[in-house]
Amino acid sequence: MTALAARRRHPLASVVLVVMGLLVTGALYAVFAPGRASAADDPQDQIAKGKALFLANCSTCHGVNGEGRNTAPSLVGVGAASVDFQVGTGRMPLRQDAPQAPQGDNRFTPEQIAQLAAYVASLGPGPSIPSESDVAAAQGDPSRGATIFRTNCAMCHNFAGKGGALTRGKYAPNLDGTSPTHIYEAMLTGPQSMPVFDDQTMTPQDKRDVIAYLKTTEQQPTPGGFSLGFLGPVNEGLVAWVVGIAALIGCAVWLGAKSS
């Protein structure tokens, strides 16, 4: 005990304790302290990278500064939501000159889309990309969303969101498989021939209700057999008429051949 006490009173004991305390404190801080913001999190860095992507992929049509040209609209004020929708669904960059930009495979990573959106958003104020809570279908009311959809959207997209033809070679696309974020952004920005449903026209809760309804229709069963695109009674009546008439003609031919 005497020897142990003597070592505890050694002149270097306090120095060792201080060093050990600093080491433990540093280790704990490294584990629990919030991480330092990376370069990718820097808004100016995002904008700079987005501008480089824009110049390489978009400026030919939309102009070097996004001012637009004869064949493409100005992007000043369209906001990040429009970029996220158009690029995220593969509609942009445009593949071919057509009445409407078709949906296709996405050419960019999520990080690159975020950079492009950041750059276009810096050109002028516009709708931002919705948050996860904004597009949460679980927080929407499908029955109320069905009413809103039938009132505002069904005349183009069909009552079940299966799409339909418009004038001059344009069309309303099938909404099956479209992500909730892109559905919300489409309502917010009004791409192609679609009208803009801003928060004054259609509240965020209204948009969530519409998303909930559309996600419900994707899981709708078809107890009668073929869905026929859920196009309604006209489509079903046409199929029944064609099949029924064909069956009656077949029976008449068979009976005539049998009697002879």
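Residues numbered from 1 in each chain as written. Predicted model: local features only at pLDDT ≥ 70, side-chain atom pairs only at ≥ 80, totals over all residues. Heavy atoms only, no water.

## Section: the nonpolar core
- Membership of the largest hydrophobic core comes to 18 residues, with the highest contact counts inside it found for Phe149, Met187, Met202, Val210, Ile211 and Leu214.
- Looking at this core, the elements with two or more residues in it are helix H7 (142-152), helix H9 (180-189) and helix H10 (204-218).
- Ignoring sequence-local partners within four residues, the contact set of methionine 187 consists of Met194, Pro195, Val196, Phe197, Asp198, Met202, Lys207, Val210 and Ile211.
- Counting residues in hydrophobic clusters, the runner-up holds 13 residues, among them Val83, Phe108, Leu116 and Ala117. (Core = buried A, V, L, I, M, F, W, Y, C linked by side-chain atoms within 4.5 Å. Buried < 20%, exposed > 50% of the residue type's maximum accessible area, 1.4 Å probe, protein only. Helix = DSSP H or I, 4+ residues; strand = E, 2+ residues; numbered from the N terminus. Contact = heavy atoms within 4.5 Å.)

## Some thoughts on helix H3 (residues 43-57)
- Here H3 spans 21 Å end to end across 15 residues, near enough to the 21 Å set by a 1.5 Å rise per residue.
- Buried within H3 are the following residues: Gln46, Gly50, Leu53 and Phe54. Projected onto a plane normal to the axis of H3, the buried residues spread over an arc of 100 degrees and lie on a single side. Turned more than 90 degrees away from the buried face of H3 sit Gln44 and Ala56, all of them exposed.
- In this structure, the buried residues of H3 make contact with helix H4 (59-62) and helix H6 (110-123). (Expected span 1.5 Å × (residues − 1). Arc of directions from axis to C-beta.)

## Description of the side chain of glutamine 115
- By the secondary structure assignment, glutamine 115 is in helix H6.
- Residues in contact with glutamine 115, not counting those within four places in the same chain, are Gln46, Lys49, Gly50 and Leu53.

## So, the environment of lysine 162
- Along the chain, lysine 162 falls in the loop between helix H8 (154-157) and strand E1 (164-165).
- Taking the C-alpha atoms as reference points, lysine 162 and leucine 175, separated by 13 residues in sequence, lie 6.0 Å from one another.
- Polar side-chain contacts of lysine 162 include one of 2.7 Å to the side chain of aspartate 176. (Polar contact = N/O pair within 3.5 Å; in protein donor to acceptor, adjacent residues only side chain to side chain.)

## Considerations on the packing of aromatic side chains
- Taken as a whole, this structure holds 2 aromatic pairs when the rule is applied.
- Both rings, one in phenylalanine 54 and one in tyrosine 119, keep their centres 5.3 Å apart while their planes meet at 50 degrees; by these two values the pair is tilted. Linking phenylalanine 54 in helix H3 with tyrosine 119 in helix H6, this pair joins segments that are 65 residues apart in sequence.
- Where phenylalanine 149 meets tyrosine 213, the ring centres are 5.6 Å apart and the plane angle is 45 degrees; that geometry is what we call tilted. With a gap of 64 residues between them, phenylalanine 149 in helix H7 and tyrosine 213 in helix H10 connect regions that are remote in the sequence.
- On the basis of relative accessible area, tyrosine 213 is assigned to the buried category, the value being 11%.
- Here the basic side chain of lysine 207 rests over the ring of tyrosine 184, its NZ or CZ set 5.6 Å away from the ring centre. (Phe/Tyr/Trp six-rings, centres within 6.5 Å; stacked < 30°, edge-to-face > 60°. Lys NZ or Arg CZ within 6 Å of the ring centre and 35° of its normal.)

## Overview of the packing of helix H5 (residues 79-88) against H6
- The geometry of H5 relative to H6 is characterised by a closest axis approach of 8 Å and an angle of 145 degrees between their N-to-C directions. In the crossing of H5 with H6, the sense of the turn from one axis to the other is right-handed. Between H5 and H6, the contacting residues are Gly79, Ala80, Val83, Asp84, Val87 and Gly88 on the first element and Ile113, Leu116, Ala117, Val120 and Ala121 on the second.
- For the contact of H5 with H6, the class distribution of residues is 8 nonpolar, 2 polar and 1 charged. (Axes fitted to C-alpha atoms, helices over the stretch in contact; angles between N-to-C directions. Left-handed = near helix turned anticlockwise from the far one by under 90°. Nonpolar A, V, L, I, M, F, W, Y, C, P; charged D, E, K, R; others polar.)

## So, the packing of H3 against H6
- Between H3 and H6, whose axes approach to 7 Å, the crossing angle comes to 95 degrees. Put simply, H3 runs roughly perpendicular to H6. Contact residues: H3 offers Gln46, Ile47, Lys49, Gly50, Lys51, Leu53 and Phe54, while H6 offers Gln112, Ala114, Gln115, Leu116, Ala118, Tyr119, Val120 and Ser122.
- For the contact of H3 with H6, the class distribution of residues is 8 nonpolar, 5 polar and 2 charged. (Parallel < 35°, antiparallel > 145°, perpendicular 65-115°, else oblique.)

None of the figures reported here should be taken as evidence of function without further support.
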